[in-house]
Amino acid sequence: MNTRLPVRGALAAAVLAALALPAQARNVRLMESVPDTLRVSRVHDILGNLDLRFGSDSARGATVVRRDVVVKGVGATQLDDVGDDDRVRPRDHELCARAFEDAITKLAFAARGARATAIVGVVSAYEGNLFDDPGHFECHAGALKAAVTLRAQLVTGPVAPAAVPVISPPAPVAPPPVPIPVAPPPAPIPVAPAPDEAPPPAPTFQPVPPAPAPSPN
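Novice: Just checking my understanding: could you explain the side chain of Thr-37 for this structure?
Specialist: Here Thr-37 is to be found in helix α2 (residues 34-39). Classification of Thr-37 by relative accessible area gives buried; the value is 5%.

Novice: I keep staring at the nonpolar core and nothing clicks. Help me out?
Specialist: Nonpolar side chains in soluble globular proteins tend to end up buried together. Among the nonpolar cores identified, the biggest contains 32 residues, and Leu-52, Phe-100, Ile-104, Leu-107, Ile-119 and Leu-150 are the most heavily contacted of them. Breaking this core down by element, the ones donating at least two residues are α2, α3 (43-47), β2 (51-54), β3 (63-76), α4 (92-113), β4 (118-126), β6 (136-141) and β7 (145-156). Considering each element in turn, this core owes the most residues, 10 residues, to α4. For Leu-107, the residues in contact, after removing those within four places along its chain, are Val-69, Val-71, Ile-119, Leu-150, Ala-152 and Leu-154. Core analysis: the next-biggest nonpolar cluster, separate from the first, contains five residues, Ala-59, Ala-118, Val-120 and Val-155 among them.

Novice: Help me understand the pattern of salt bridges in this model?
Specialist: If charged atoms from side chains of opposite charge come close, those side chains can pair. This structure, assessed with the given rule, holds 10 salt bridges. Close ionic contact of Glu-94 with Arg-91 constitutes a salt bridge, the shortest N to O distance being 3.6 Å. Take Arg-91: its relative accessible area is 54%, and that puts it in the exposed class. Taken together, the shared-partner salt bridges connect Arg-26, Arg-89 and Asp-92 into one network.

Novice: How should I be thinking about the confidence of the model for the protein in this particular structure?
Specialist: Put simply, the protein has an average pLDDT of 80, and 67% of its residues get 70 or more. Contacts for the low-pLDDT stretch residues 14-23, under 50 throughout, to residues beyond four places or in other chains number one contact.

Novice: Teacher, can you tell me more about unusual backbone geometry here?
Specialist: Glycine aside, the phi torsion of most residues is negative, and most peptide linkages are trans. One non-glycine residue, Asp-68, lies in positive phi territory at about 50 degrees. On the accessibility criterion, Asp-68 (38% relative accessible area) is partly exposed. Phi is positive for Arg-115, which is not a glycine, with a value near 60 degrees. Within the secondary structure layout, Arg-115 lies in the loop between α4 and β4. Exposure remark for Arg-115: the relative accessible area of 73% places this residue in the exposed category.

Novice: Any chance you could explain the pairing of β7 here in plain terms?
Specialist: The side chains of a regular strand alternate between the sheet's two faces. Burial within β7 is extensive, with nine of its 12 residues counted as buried. The pairing of β4 with β7 spans five bridges and is classified as antiparallel. Opposite Val-123, over in β7, you have Arg-151 as the bridge partner. Between β6 and β7, which pair antiparallel one after the other, the connecting turn spans three residues.

What counts, and at which threshold
Residues numbered from 1 in each chain as written. Predicted model: local features only at pLDDT ≥ 70, side-chain atom pairs only at ≥ 80, totals over all residues. Heavy atoms only, no water. Helix = DSSP H or I, 4+ residues; strand = E, 2+ residues; numbered from the N terminus. Buried < 20%, exposed > 50% of the residue type's maximum accessible area, 1.4 Å probe, protein only. Core = buried A, V, L, I, M, F, W, Y, C linked by side-chain atoms within 4.5 Å. Contact = heavy atoms within 4.5 Å. Salt bridge = Lys/Arg side-chain N within 4 Å of Asp/Glu carboxyl O. pLDDT = per-residue confidence, 0-100. Pairing = 2+ DSSP bridges.

Here it is, written out as C-alpha cells:
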C-alpha cells in the first residue's frame, strides 16, 4: 500500500492553509480623511437634502429623534452583487471609500425612516471602540474587503455650523430672470405717392394760314 499520496496531500493542504492564513487574518487600521473620501464617493448624491456633521460636538443642542444609530459599511473587491471581482485588487483607500459610502447609505436610509433632517455627531465605532474626529474616520482593511462602523444621532431642525467637514444640501438655484418684453418698433407711416407730373399745357399759338396765291397779270 502506497502511503505517500495521503502524506503529500496532507502537506499540500497544510501549505495552502498556511498561505491563506495571513490573507484571512489581515486587518489594517487606517484613519481616512473625510473630505478626501467625500470627493471620491457618491455621498453627496446619497444624502440628497440631508445635512451631515462629523464629530460628537456637532450634536449639541440638536433635537434628536433617534439616538446612537450604529451602522457597518462594507467595501468589497466586488463592485456589484454579481459578477467577477476586480481584476486588480483596489487599494485599501478605495476599499475604505466603498465601505464609507455603504455606511452613509445606511445612515441616510435610517434618517429618512425617522423623518430626520440631519445626521450629526458622527463618530467611528469599530467593535464598540469610539474614535471621535470631525475630519477622519476609522477603517479596517482586510484581504478582500474593508469595514467602516459609524455611530450617529438623527435630528430634526437646523443644525449649528461645525468644523470640517460641513455637508449641507445644495442651495436652491435661483430661476433665470424673466426677459422683459420689448415693444416692436412702430410700423412706418404710409406716405402717399407723389402725384404724377401734369401733362404739358397745350400750345396757345395758332397755325399761320397759307399765303394767298398771287393774282395773274
